[in-house]
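# Inside the fold
Listed here are the chains, written in short residue letters.
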Amino acid sequence: MATDPIAGDDAALVLFSGGQDSATCLAWALDRFARVETLGFDYGQRHRIELDCRQTLRAGLVAREPAWGRRLGEDHTLALDALSAVSDTALTRESEIGFEASGLPNTFVPGRNIVFLTFAAALAYRRGIRHIVGGMCETDYSGYPDCRDDAIKALQVALNLGMERRFVLHTPLMWIDKAQTWGLAQSLGGRALVDLIVEDSHTCYLGERGQRHEWGYGCGTCPACRLRAEGYARFMASEAP
Ligand code: ZN
């Protein structure tokens, strides 16, 4: 259709929280698409450190790879305060990180990724962007059902039907574990990119940035820190001669 506002196949919108996974996804998109915009969500997280890391990471990616600098476009932040109203979790309240009877961490916000991807698609629609990139992963994840490949594929169909578009939802981390995510960063930007992500991305559920470990900053004991530390250790072991 001649009036289709979709710019074409060369633009991507990356869900970019400032964590290890989304930083790797941003590098992945910058390596592939001519124009890349970023989107962060502010929904009353107990700690906003991840959001603060976003600008440092964006600047670091541009500084390390001039071609990426030419491709990196606008950064968007959407306030989704309503999410905190429907979540009874440690991310938005001063409670202990723990696990519910279902096995899911109490940081779980039901359907959060469905909400994020739906808002991302609405923004992509307005921006004339076809490709949407997210760090969802079902390999060594926390058990969020909306991170699973089938949920993402079903959502892609629903979004395309409901918005009459041909969005493509990309999840480059879906079938790799945390060690392989570090390896993907290395293959995209070498040790310099790994070092940038170690130093400037943030994953810790407790928002702890006082202590610097070899895998980055964090409390070292929450589930997110343990996953990151364990993945980094296996990545480094696989790099050893
Ligand atoms: Zn932690």
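An account of the accompanying structure is given in this report. Note that this is a predicted model, so its numbers are computed, not measured.

## Here we look at the side chain of Asn-113
Here Asn-113 shows up in helix H5 (residues 112-127). Other than its neighbours up to four places away in sequence, Asn-113 contacts Met-136, Asp-146, Cys-147 and Leu-155.

## Section: the packing of aromatic side chains
Here the structure, examined in full by the defined rule, presents four aromatic pairs. Taking the centre distance of 6.2 Å and the plane angle of 55° together, the rings of Tyr-232 and Phe-235 count as tilted. Of this pair, Tyr-232 and Phe-235 both sit in helix H8 (residues 223-239), three residues apart, roughly one helical turn. Pair check on accessibility: Tyr-232 and Phe-235 agree, each one buried.

## Re the sheet that holds strand E2 (residues 35-42)
Strand-to-strand pairing in sheets goes through backbone hydrogen bonds, with the strands running parallel or antiparallel. Read from one edge to the other, the open sheet built from five strands follows the order E3-E2-E1-E4-E5, with strand pairing classed as parallel. Both edges of this open sheet fall to strand E3 (72-79) and strand E5 (168-170), since each of them pairs with a single strand only. Taken over all neighbouring pairs, the strand axes of this sheet differ in orientation by 25° on average, direction set aside. Of the pairings in the sheet, the one linking E2 to E3 comprises six bridges and is parallel in character. Bridge pairing links Asp-42 to Ala-79 in E3. On the sheet, helix H1 (residues 20-30) packs against strand E1 (11-15), E2, E3, strand E4 (131-133) and E5 and is oriented at approximately 175° with respect to E1. Strands E2 and E3 of the sheet are contacted by helix H2 (residues 49-64), whose axis makes an angle of about 175° with E3.

The rules behind these values
Residues numbered from 1 in each chain as written. Predicted model: local features only at pLDDT ≥ 70, side-chain atom pairs only at ≥ 80, totals over all residues. Heavy atoms only, no water. Helix = DSSP H or I, 4+ residues; strand = E, 2+ residues; numbered from the N terminus. Contact = heavy atoms within 4.5 Å. Phe/Tyr/Trp six-rings, centres within 6.5 Å; stacked < 30°, edge-to-face > 60°. Buried < 20%, exposed > 50% of the residue type's maximum accessible area, 1.4 Å probe, protein only. Pairing = 2+ DSSP bridges. Axes fitted to C-alpha atoms, helices over the stretch in contact; angles between N-to-C directions.

Keep in mind that these numbers describe shape and distance, not what the molecule does.
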